[in-house]
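Breakdown of the fold
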Amino acid sequence: MSKSQPLTTVDAAWLRMEDPTNLMMVSGILTFKKMIDFDHLRAIIEHKLLTFDRFRMRVVQSRLPFSPAYWEVDPTFNLNAHLHRVALPSPGDKAALQEMASDLMSTPLDFSKPLWQFHLIENYGEGCAIMCRLHHCIADGMALVFVLLSLTDMVPGVPPPTGNGSEPDEEADDDDGMSPALNALVQQGAKAVGTVWQTTSKMASEGLEALVNPAHAMELALKGTDTAFAAGRLFLRSPDPKTLFKGKLGVAKRAAWSKPLSLRDVKAIKSVTGGTVNDVLVSAMTGALRHYMLQKGANVEGLNFRAAVPVNLRTPEEMGKLGNKFGIVFLSLPVGIGDPLERLHEVRQRMLELKNSKEAPVALGILSAMGLSPQELQGTLVNLFGSKTTAVMTNVPGPPMPLYLAGQKIDEIMFWVPQSGRVSLGISIISYANRVQLGVATDVGLVPDPDIIMDGFYDEFAALIRLVEEAKAVEAAEAAKPEPVETAASDTPSAGVSAQPIQCQATTKSGRQCRNQAQEGSEFCHVHQP
């Protein structure tokens, strides 16, 4: 491999966004119900992860004016500086793990070394956890998932790799930051994610999917004349309203994540309410943010604020490569809508509008330009984008089958991307092994208690589950009704004829007629009964 390589303009933009109050790290955590052997994990990292040249290289700032930063092989590279073994303090529960994860998310990486670290965290119940952190200039969230998957196996009990795996391949591809010898390994990881993508491409509404199809986004950008309009919208969009989620950031961050939810339950909700799995989860999380604001006494009447949604723009051939290739679209969250069903319908409509958005590839071009711009101008652009959004929301469709690392089954997977643009709130959604989890990352000074957001999410999800149960009860009651008995004609025209269902006559807070079906014998649905 080359001794040095220049950073791409997009990677350079993420490097220069680093700030003590907003670290540009992508973080991931894996949990296990059984303990992992540390030497086994070390062997995997040495033989698999370090075959990516980028994990042996540090970032060096050029001494020449206006010259870009570049990657340089770390002459003193030592795996011990990047792989750590720590113990979770008593009682070793999820709260303790969230506290340690929060501390690590608040701790900057050492820029004199390659910008990544793994922590094996012991004493987590009967098992352990692995916390992975790498700088966004190495890879984005999607690439991190591929890196982690490239370390895993499809079956348990695979012995540790042996031999000398510490030296990189001299024929490494400088553009990819990955040796040819690892291509097959990475493609195995890509296949694990690709399996769920292929499934959702055939049955798009059946599971967690990308919010915006990358091929469609690029196609839209390459044809037509609306690209300039999309760029104008990015710059001219009004700032988000001031809420308790916006303000001056501090150093300390706080992480929290949900318990795993059955994908079957999420599908049951979307089957009754319409829409997609994404619609259900985003709507429930929007309700959770509303719940948090109400708990804090904030006014939510008519409130909407935006989430910046990263959109993967890699082609199938580029899957499994390091670096950053994603755009951003802005999803307006209807926080002001209190009714769960009405909010879900509104989220569905807004998500549909994103499907034809050209903003994602345009935003990628802007990020690239930021990497070439002077530091002062980049800071202005970062603040400009940050003013137009309140949260960063990322979703990753993970593998539908269980995976194994160092011989043990991975129980849960969670990840967070940095909240660029001085944004204080990060929301992550990931599916794995037919389960879905949501995570939040917050600034302690603004949102010190993200567990309240998680509690609100559980309440919102439970409310949607109750709608499913009510729908099933109504369906069962209808099925149990006896068939109408034919009678002789009478003077009453409606004799023996069942009434046709009518739409609920109530008016929602948005001023529109409720879309639910009225209950039998009433002009109103179950939500709007007087």
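The structure this text deals with has already been given above.
Residues numbered from 1 in each chain as written. Predicted model: local features only at pLDDT ≥ 70, side-chain atom pairs only at ≥ 80, totals over all residues. Heavy atoms only, no water.

1. Here's the deal with the overall build of the protein chain
Let me state the cut-off plainly: A run of DSSP states H or I qualifies as a helix once it reaches four residues; a run of E qualifies as a strand once it reaches two. Both are numbered from the N-terminal end. For every residue, the accessible area (1.4 Å probe, protein chains only) is compared with the maximum for its type, and the residue is labelled buried under 20%, exposed over 50%, or partly exposed between those bounds. Whether two residues are in contact is decided by their heavy atoms, any of which lying within 4.5 Å being enough. Accessible areas in this description were obtained via Shrake-Rupley with a 1.4 Å probe; residue shielding takes into account the shown protein chains only.
Helices and strands together make up the secondary structure of the protein chain, namely 13 helices and 16 strands. For the protein chain, with 530 residues in total, the buried portion stands at 54%. A separation threshold of at least 6 residues defines the contact pool for the protein chain, and within that pool the share at least 24 residues apart is 77%. Of the roughly 23,600 Å² that the protein chain leaves accessible, carbon and sulfur atoms contribute 54%.

2. Digging into the sheet that holds strand β1 (residues 4–6)
Under the convention used in this document: One requirement defines pairing of two strands: DSSP has to find at least two bridges between them. Axes, fitted as lines to C-alpha atoms, cover a helix only where it is in contact. Angles between the N-to-C directions of the axes lie from 0 to 180 degrees.
Spatially, the 3 strands line up as an open sheet ordered β1-β4-β3, and their pairing is antiparallel. The sheet is open, and its two borders are formed by β1 and β3 (57–60), each paired with just one other strand. Going from strand to strand, the sheet's axes swing by 30° on average, the running direction of each strand aside. The pairing of β1 with strand β4 (residues 70–73) spans 3 bridges and is antiparallel. Across the sheet, residue Ser4 finds its bridge partner in β4, namely Glu72.

3. Some words on the pairing of strand β14 (residues 408–416)
Of all 9 residues in β14, 7 are buried, a share of seventy percent or more. Both strand β13 (residues 404–405) and β14 contribute to a ladder of 2 bridges, which runs antiparallel. Across the sheet, Leu405 pairs through a bridge with Gln408, a residue of β14. A loop of 2 residues connects β13 with β14, the two strands running antiparallel in sequence, and Ala406 in this loop sits at a positive phi of about 55°.

4. Topic: the packing of helix α10 (residues 340–354) against helix α13 (residues 451–480)
Which entries qualify depends on this criterion: An angle below 35 degrees is read as roughly parallel, one above 145 as roughly antiparallel, one from 65 to 115 as roughly perpendicular, and any other as oblique. Note on residue categories: nonpolar means Ala, Val, Leu, Ile, Met, Phe, Trp, Tyr, Cys or Pro, charged means Asp, Glu, Lys or Arg, and polar means any other residue, Gly included.
At a minimum axis distance of 10 Å, the contact between α10 and α13 shows a crossing angle of 100°. Looking at the two axes, α10 sits roughly perpendicular to α13. Residue-level inspection shows Pro340, Leu341, Arg343 and Leu344 of α10 in contact with α13, the latter providing Glu460, Ala463, Leu464 and Leu467. Considered class by class, the residues forming the contact of α10 with α13 number 6 nonpolar, no polar and 2 charged.

5. What about the sheet that holds strand β7 (residues 127–135)?
A sheet is described by the order of its strands in space; here 6 strands give the open sequence β5-β6-β7-β2-β14-β13, paired in mixed fashion. Either end of the sheet is taken by a strand with one partner, and the two such strands are β5 (83–87) and β13. Where strand β2 (residues 25–32) meets β14, 6 bridges bridge the pair, whose relative direction is antiparallel. Bridged to Ile29 within β14 is Met414. Against the sheet, helix α3 (residues 94–105) contacts β2, β5, β6 (116–124), β7 and β14, and its axis sits at roughly 155° relative to β2.

6. Section: the pairing of β2
Summarising burial for β2: 8 of the 8 residues are buried, a large majority. A two-sided burial pattern is seen for β2, the buried positions comprising Met25, Ser27, Ile29 and Thr31 on one face and Val26, Gly28, Leu30 and Phe32 on the other. Judged from the 8 bridges that link them, β2 and β7 form a sheet pairing that is antiparallel. Paired with Ile29 across the bridge in β7 is Met131.

7. Examining the packing of aromatic side chains
Put simply, the test is: Each Phe, Tyr or Trp ring, with Trp reduced to its six-membered ring, pairs with another whose centre is within 6.5 Å; inter-plane angles below 30 degrees give stacked pairs, above 60 give edge-to-face pairs, and intermediate values give tilted ones. By definition here, charges over rings are those cases where NZ of Lys or CZ of Arg is within 6 Å of the ring centre and within 35 degrees of the ring normal.
For the structure shown, the criterion picks out 8 aromatic pairs. Residues Phe457 and Phe461 carry aromatic rings whose centres are separated by 6.1 Å and whose planes lie at 25° to one another, so their mutual orientation is stacked. Within this pair, Phe457 and its partner Phe461 are both found in helix α13, separated by 4 residues, close to a single helical turn. In this structure an aromatic cluster arises from ring pairing among Phe52, Phe55, Trp116 and Phe118. Its end group placed over the ring of Tyr458, Lys259 keeps NZ or CZ at 5.0 Å from the ring centre.

8. Concerning the environment of Ser106
Applied cut-off: Polar contact is defined as a pair of N or O atoms within 3.5 Å, subject to the rule that within protein one atom must be able to donate a hydrogen and the other to accept it, and that residues adjacent in sequence are counted only when both atoms are side-chain atoms.
With respect to the element layout, Ser106 can be found in the loop between α3 and β6. Put simply, Ser106 and Ala252 are 146 residues apart on the chain and 5.3 Å apart in space, counted from C-alpha to C-alpha. Among residues more than four places away in sequence, those in contact with Ser106 are Leu23, Val251, Ala252 and Lys253. A distance of 2.8 Å separates the side chain of Ser106 from the backbone oxygen of Ser102, its partner in a polar contact.

9. Some points on the nonpolar core
Note that soluble globular proteins tend to have their nonpolar side chains buried in a common cluster. Short version of the rule: In this description, a nonpolar core means a group of buried Ala, Val, Leu, Ile, Met, Phe, Trp, Tyr and Cys residues linked to one another through side-chain atoms lying within 4.5 Å.
Formed by 71 residues in total, the largest nonpolar core has its most connected members in Ile29, Phe55, Trp116, Phe118 and Leu405. Aside from chain neighbours lying at most four places away, what touches Trp116 is Ile45, Leu49, Leu50, Phe55, Phe77, Leu79, His82, Leu109, Arg133 and Leu134. In terms of nonpolar packing, the next biggest core, distinct from the first, is built from 49 residues, Val329, Leu354, Met454 and Leu467 among them.

10. Quick notes on the environment of Glu46
Relative to the helices and strands, Glu46 is located in helix α2 (residues 38–47). In sequence terms Glu46 and Thr162 are 116 residues apart; their C-alpha atoms lie 9.8 Å from each other.

11. Some words on the pattern of salt bridges
Here is the rule we go by: Any carboxyl oxygen of Asp or Glu within 4 Å of a side-chain nitrogen of Lys or Arg constitutes a salt bridge here.
In this structure the tally under the stated criterion is 11 salt bridges. Arg58 is the partner of Asp74 in a salt bridge, and the nearest nitrogen-oxygen pair spans 3.9 Å. Taken as a pair, Asp74 in the loop between β4 and β5 and Arg58 in strand β3 lie far apart in primary sequence, 16 residues in all. Arg85 is paired through a salt bridge with Glu122; the nearest N and O atoms lie 2.5 Å apart. Residue Arg85 is found in strand β5, and its partner Glu122 is found in strand β6; the two are separated by 37 residues along the sequence. The class of Arg85 is exposed, set by a relative accessible area of 52%. Residue Glu122 is classed as buried on the basis of its relative accessible area of 19%. Here the salt bridges share partners, and the residues they tie into one network are Arg58, Glu72 and Asp74.

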